[in-house]
Amino acid sequence: RPPRPCRACSSAMSKTPGGGEEEGQYHEVEYKGEKLRVKDGELLRSSLLRASLSPHNSLAQTINCRGLGTCGTCAVSIQGRVSPAEWTAMERARLNFPPYSNDNNSLLRLACQVRVQGDLKVTKFDKFWGQGKEETRDKKFTAPLGELEYILD
Ligand code: FES
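Residues numbered from 1 in each chain as written. Predicted model: local features only at pLDDT ≥ 70, side-chain atom pairs only at ≥ 80, totals over all residues. Heavy atoms only, no water.

- Under an unreviewed UniProt entry, the protein chain has the name 2Fe-2S ferredoxin-type domain-containing protein and belongs to Guillardia theta.

As structure tokens, then:
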């Protein structure tokens, strides 16, 4: 049976690392000048880490809560459809706590709390938590804990 195209974005048969084919719906995530193909429903933080593109800045690449939603260092600005569409309880708690405030939190989501549901444009801002105003384009990064980075997926 041929793959069914998605109305909102791309959908197709995909080659798996083992060379087989896997049916599923994929979306395009644009981040730091790269375009990633991400499976529908994948956690945004995990998809970025798997592509060696961290949602964390500088030391926060090592020092973070690994997706618990408590540290706030994976905060990014997202254009496009994610699930849930509104802040989770963890996001409400963390993004209303310093260094975030009503002045700088309205466009942010925690990458560890949202699942990709459509094509996205994701922006990371500077400073430790990503609370700055300048877009950061720091590139390639290898998650220090390997597969343990995804233990909460
Ligand atoms: S990784 Fe800590 S809040 Fe997302």
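After that view, the rundown keeps rolling.
1. Observations concerning the packing of aromatic side chains
Then, number 1: Evaluation of the coordinates by the stated rule reveals one aromatic pair.
Then, number 2: With a centroid separation of 4.8 Å and 75° between ring planes, the pair formed by Phe-128 and Trp-129 is classed as edge-to-face.
Then, number 3: Overall, Phe-128 belongs to the partly exposed group, its relative accessible area being 27%.
Then, number 4: Stacked on the ring of Tyr-150, the Lys or Arg Arg-50 has its end atom at 3.8 Å from the ring centre. (Phe/Tyr/Trp six-rings, centres within 6.5 Å; stacked < 30°, edge-to-face > 60°. Buried < 20%, exposed > 50% of the residue type's maximum accessible area, 1.4 Å probe, protein only. Lys NZ or Arg CZ within 6 Å of the ring centre and 35° of its normal.)

2. Considering the pattern of salt bridges
Then, number 1: This structure, assessed with the given rule, holds six salt bridges.
Then, number 2: Notably, a salt bridge pairs Arg-45 with Glu-149, separated by 2.9 Å at the nearest N-O pair. Of this pair, Arg-45 sits in helix H1 (residues 44–50) while Glu-149 is found in the segment after strand S6 (115–123), placing the two residues 104 residues apart along the sequence.
Then, number 3: Look at Glu-149 and you get buried, because its relative accessible area is 2%.
Then, number 4: As a salt-bridge pair, Arg-137 and Glu-135 come within 3.6 Å of each other at their nearest N and O atoms. (Salt bridge = Lys/Arg side-chain N within 4 Å of Asp/Glu carboxyl O. Helix = DSSP H or I, 4+ residues; strand = E, 2+ residues; numbered from the N terminus.)

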